[in-house]
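# Observations on chain architecture
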Amino acid sequence: QVQLVESGGGLVQPGGSLRLSCAASGFTFSSYAMIWYRQAPGKERELVARITGFGGSTNYADSVKGRFTISRDNAKSTVYLQMNTLGPEDTAVYYCYAQYSNWRSGKGYEYWGQGTQVTVSS
């Protein structure tokens, strides 16, 4: 039973911080790259941050670089997104996404979390 359970979203004031968590189960967590996406109403889905299976490589959208940090704890099968200096432009539904690819076979697997709302407002 594959599950991605997110927590940590909510309402925060501009300049504040939130830490999102995504707890995974039902698959081999360390074999999957983990990605945080976000989508605001009427806007295209945006890749926020990505981390490889053992945390050796990360990527960030330019809009969050220097403010957000993605990390993972494979012993806990959990990926985190630390969000600092939040502004109204960060308001969106944030989705946790697990991605596995076997490049030799061409097979891949993907799983999505349910999404969690982050609202930045005074």
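See above for the structure.
Residues numbered from 1 in each chain as written. Predicted model: local features only at pLDDT ≥ 70, side-chain atom pairs only at ≥ 80, totals over all residues. Heavy atoms only, no water.

### Digging into the side chain of Thr-116
Note that Thr-116 resides in strand β11 (residues 116–120). Those residues in contact with Thr-116, other than ones at most four positions away along the chain, are Glu-6, Gly-9, Leu-20, Ala-92, Val-93 and Tyr-94. (Helix = DSSP H or I, 4+ residues; strand = E, 2+ residues; numbered from the N terminus. Contact = heavy atoms within 4.5 Å.)

### What to know about the pairing of strand β10 (residues 107–112)
In terms of strand pairing, strand β9 (residues 92–102) meets β10 through six bridges, oriented antiparallel. Paired with Asn-102 across the strands is Lys-107, a residue of β10. Between β9 and β10, which pair antiparallel and follow one another directly, the connecting turn spans four residues, one of which, Gly-106, has a positive phi of 80 degrees. (Pairing = 2+ DSSP bridges.)

### Topic: the pattern of salt bridges
According to the stated counting rule, one finds four salt bridges in the structure shown. The partner of Glu-46 in a salt bridge is Arg-38, with the nearest N and O atoms 2.9 Å apart. A salt bridge links Lys-65 to Asp-62; its shortest N-O distance comes to 3.3 Å. Grouping residues by exposure puts Lys-65 and Asp-62 together as exposed. Each of Arg-38, Glu-46, Arg-67 and Asp-90 takes part in a single network of salt bridges with overlapping partners. (Salt bridge = Lys/Arg side-chain N within 4 Å of Asp/Glu carboxyl O. Buried < 20%, exposed > 50% of the residue type's maximum accessible area, 1.4 Å probe, protein only.)

### Things to note about the environment of Tyr-60
Inspection of the secondary structure assignment puts Tyr-60 in strand β6 (residues 58–60). C-alpha separation for the pair Tyr-60 and Leu-47, spaced 13 residues apart in sequence, amounts to 7.7 Å. Residue contacts for Tyr-60: discarding those within four places in its chain leaves Val-48, Ala-49, Lys-65, Phe-68, Thr-69 and Ile-70. In terms of polar contacts, Tyr-60 uses its side chain to reach the backbone amide nitrogen of Ile-70, at 2.9 Å. (Polar contact = N/O pair within 3.5 Å; in protein donor to acceptor, adjacent residues only side chain to side chain.)

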